[in-house]
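Below are the chains, spelled out letter by letter.
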Amino acid sequence: QVQLVESGGGLVQAGGSLRLSCAASGRTFSNYVMGWFRQAPGKEREFVARFSRSGGSTYYADSVKGRFTISRDNTKNTVYLQMNSLKPEDSAVYYCAAALGITDWNNGPGYWGQGTQVTVSS
């Protein structure tokens, strides 16, 4: 198993930036597909960004492409989400997620963090 702990959420004005962190512990970090989802009040959880299985490629939701960047530090077992040019519609609870493979990811990742709140004021 892998345990995930997010941090870095908060309140920011529109146009501002935040960086979220996801610290992973447990099994070998590099064995997992790692990424981020978010869920706004009254809405379904949606995909934000992830790495490929190898970690060599990244994928983004259209709504965040060009503004958000996912990165990782394998020496620290940590995944980051740099969020720039934030908009009020980015307000949500952001969840770090991990899966043993793409199939597991597409079926709903098996491992989740507790979430961190991001609020963007207009």
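Caption draft 1: Representation of the pattern of salt bridges. A complete count under the given rule lists four salt bridges for this structure. With a closest N to O distance of 2.5 Å, E46 and R38 form a salt bridge. Since its relative accessible area comes to 33%, E46 is described here as partly exposed. Where D90 meets R67, a salt bridge forms, and the shortest distance between an N and an O atom there is 2.7 Å. Of this pair, D90 sits in the loop between β8 (78-83) and β9 (92-99) while R67 sits in the loop between β6 (58-60) and β7 (68-73), placing them 23 residues apart in sequence. When sorted by exposure, D90 lands in the same class as R67, which is buried. Through salt bridges that share partners, R38, E46, R67 and D90 make up one connected network.

Rules used in this analysis
- Residues numbered from 1 in each chain as written.
- Predicted model: local features only at pLDDT ≥ 70, side-chain atom pairs only at ≥ 80, totals over all residues.
- Heavy atoms only, no water.
- Salt bridge = Lys/Arg side-chain N within 4 Å of Asp/Glu carboxyl O.
- Buried < 20%, exposed > 50% of the residue type's maximum accessible area, 1.4 Å probe, protein only.
- Helix = DSSP H or I, 4+ residues; strand = E, 2+ residues; numbered from the N terminus.

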